[in-house]
Amino acid sequence: MSVRNKVIQIIADQALLNVSDVKLEATLDDLGINSLGVVESIFAFEEEFDIEVPFNANSAKNSDFDISSVRSIVLAMEKLVVEQA
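Residues numbered from 1 in each chain as written. Predicted model: local features only at pLDDT ≥ 70, side-chain atom pairs only at ≥ 80, totals over all residues. Heavy atoms only, no water.

The subject of this paragraph is helix H2 (residues 35–49). With 15 residues, H2 extends 21 Å between its outermost C-alpha atoms, agreeing within 8% with the 21 Å of an ideal straight helix rising 1.5 Å per residue. Of all the residues in H2, the buried ones are Gly37, Val38, Ser41, Ile42, Phe45 and Phe49. All buried residues of H2 lie within an arc of 145 degrees about the axis, which places them on one face of the element. Relative to its buried face, H2 has exposed residues pointing more than 90 degrees away, namely Leu36, Phe43 and Glu47. Contact partners of the buried residues in H2: helix H1 (3–15) and helix H3 (70–83). One side-chain oxygen of the residue at the start of H2 lies 3.1 Å from the amide nitrogen of Leu36, identifying that residue as Asn34. Positive phi appears at Asp50, one or two residues downstream of H2, with a value of about 55 degrees. (Helix = DSSP H or I, 4+ residues; strand = E, 2+ residues; numbered from the N terminus. Expected span 1.5 Å × (residues − 1). Buried < 20%, exposed > 50% of the residue type's maximum accessible area, 1.4 Å probe, protein only. Arc of directions from axis to C-beta. Contact = heavy atoms within 4.5 Å. Polar contact = N/O pair within 3.5 Å; in protein donor to acceptor, adjacent residues only side chain to side chain.)

This part is about unusual backbone geometry. The backbone of Leu16 sits at a positive phi, close to 55 degrees, despite the residue not being glycine. Looking at the secondary structure, you find Leu16 in the loop between H1 and H2. Residue classification places Leu16 among the exposed residues on the basis of a relative accessible area of 77%.

By size, the foremost hydrophobic cluster in this structure holds 27 residues, and its most contacted members are Val7, Ile11, Phe45, Val53, Phe65, Val70 and Met77. Sort the elements by how many residues they give to this core and H1 lands first, with seven residues. Once you skip the residues sitting within four places of it in the chain, Val7 turns out to touch Phe45, Phe49, Ile73, Val74 and Met77. (Core = buried A, V, L, I, M, F, W, Y, C linked by side-chain atoms within 4.5 Å.)

Right, dumping it as structure tokens:
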């Protein structure tokens, strides 16, 4: 499974949605994922890909990890997986 598909699966699981309901343009808020869900998703990404995600939950807007949309998360995760391989 590709990084993109795994990221979307993790987001769908967190939002209690079908994968087909997770659109790249959607924000986590659109999907019903609150701040705790964001942190749980980050932990799931780290565990799934065995990487460290540069995300500061205390200052999410100033974080190096862009969570503004599903697309931005997928792109950031693809980059991290390559960098930390």
